[in-house]
Amino acid sequence: LGVTWWLSGGSKSFNNMGNTNTENTGGEGSTTTGGTVMPKDMLTVDAQFPGQIVYLSSLSLPNGGWVVVQEENMGRPGKVIGSTYFSNTARVGNVDLAENTVNGQSYYASVYHDDGNGLFDPAKDTPAMSDGEALVVKFRVTENLPESKG
């Protein structure tokens, strides 16, 4: 159960709580604009155990960026409970939270581009966008995850 979003074209897949939707809007890993190849932001978040850490299954932020975790509020992203900056070389990671996630609740992870000051500020940093949509992935928290070996 996970979510993968590629920005600036490419695939958008959503597999959360048993639902799957896939849209292919462009090429693999990049898009061309006026002869220039533009890299894409990508974020995958699987279902999580309750706790103070959200694990990112995969990410690609060609220009670096903030991954921000928010509580769900009436079906939309609400209060920010954690944020971590990732460089353009990060491929997996985790976001430490200010408070525990709760079993049975849904949360959101989103990507923001830093305004250059190195501090997350939702009023100054800009959400990663594609076709007018922000890069936001919804994930659930559950104590009933299958054991993963590998």
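The shown structure was predicted, so the numbers you read here are calculated from the model rather than taken from an experiment. (Residues numbered from 1 in each chain as written. Predicted model: local features only at pLDDT ≥ 70, side-chain atom pairs only at ≥ 80, totals over all residues. Heavy atoms only, no water.)

Undergrad: What is the right way to read the side chain of threonine 101 from this model?
TA: The topology assignment puts threonine 101 in the loop between strand E11 (93-96) and strand E12 (106-113). Residue threonine 101 is classed as buried on the basis of its relative accessible area, which comes to 5%. Filtering out sequence-adjacent residues up to four positions away, threonine 101 remains in contact with Phe49, Pro50, Gly51, Ile81, Tyr107 and Val141. (Helix = DSSP H or I, 4+ residues; strand = E, 2+ residues; numbered from the N terminus. Buried < 20%, exposed > 50% of the residue type's maximum accessible area, 1.4 Å probe, protein only. Contact = heavy atoms within 4.5 Å.)

Undergrad: It is not clear to me how the nonpolar core should be interpreted in this structure. Could you clarify?
TA: For soluble globular proteins, nonpolar side chains are generally found buried alongside one another. In this structure, Leu43, Val45, Leu56, Leu59, Val67, Phe86 and Phe139 are the most contacted members of the largest nonpolar core, which totals 21 residues. Elements with a contribution of two residues or more to this core: strand E6 (42-46), strand E7 (53-56), strand E9 (65-73), strand E10 (76-86), E12 and strand E16 (136-140). Excluding residues that lie within four positions of it along the chain, leucine 56 makes contacts with Leu43, Thr44, Val45, Val67, Phe86, Val92, Gly93, Asn94 and Val95. (Core = buried A, V, L, I, M, F, W, Y, C linked by side-chain atoms within 4.5 Å.)

Undergrad: Before we go on, may I ask you to explain unusual backbone geometry in this structure?
TA: Here methionine 74, not a glycine, exhibits a phi torsion of approximately 55 degrees, which is positive. A residue is classified by how much of its surface remains accessible, and methionine 74, at 82% relative accessible area, is exposed.

Undergrad: When you look at the side chain of glutamine 70 in this model, what are you seeing that I'm missing?
TA: Examined against the element boundaries, glutamine 70 turns out to sit in strand E9. Look at glutamine 70 and you get buried, because its relative accessible area is 10%. A polar contact is formed between the side chain of glutamine 70 and the backbone oxygen of glycine 78, at a distance of 2.8 Å. The contact partners of glutamine 70, leaving out residues within four places of it in the chain, are Pro77, Gly78, Lys79, Val80, Ile81, Tyr107, Tyr108 and Ser110. (Polar contact = N/O pair within 3.5 Å; in protein donor to acceptor, adjacent residues only side chain to side chain.)

Undergrad: Just checking my understanding: could you explain the environment of asparagine 117 for this structure?
TA: Mapped onto the secondary structure, asparagine 117 falls in the loop between E12 and strand E13 (126-127). Exposure remark for asparagine 117: the relative accessible area of 40% places this residue in the partly exposed category. Among the polar contacts made by the side chain of asparagine 117, one reaches the main-chain amide nitrogen of leucine 119 at a distance of 2.9 Å.

Undergrad: Just checking my understanding: could you explain the pattern of salt bridges for this structure?
TA: Side chains that carry opposite charge are capable of pairing whenever their charged atoms lie near each other. As enumerated under the stated definition, the model contains 2 salt bridges in all. With a shortest N-O distance of 3.0 Å, lysine 138 and glutamate 72 are connected by a salt bridge. One end of the pair, lysine 138, is in strand E16; the other, glutamate 72, is in strand E9, and 66 residues separate them in sequence. Glutamate 99 is the salt-bridge partner of lysine 79, the closest N and O atoms lying 2.9 Å from each other. Of this pair, lysine 79 sits in strand E10 while glutamate 99 sits in the loop between E11 and E12; the two residues are 20 residues apart in sequence, bridging distant segments of the chain. Note on lysine 79: relative accessible area 47%, which makes it partly exposed. (Salt bridge = Lys/Arg side-chain N within 4 Å of Asp/Glu carboxyl O.)

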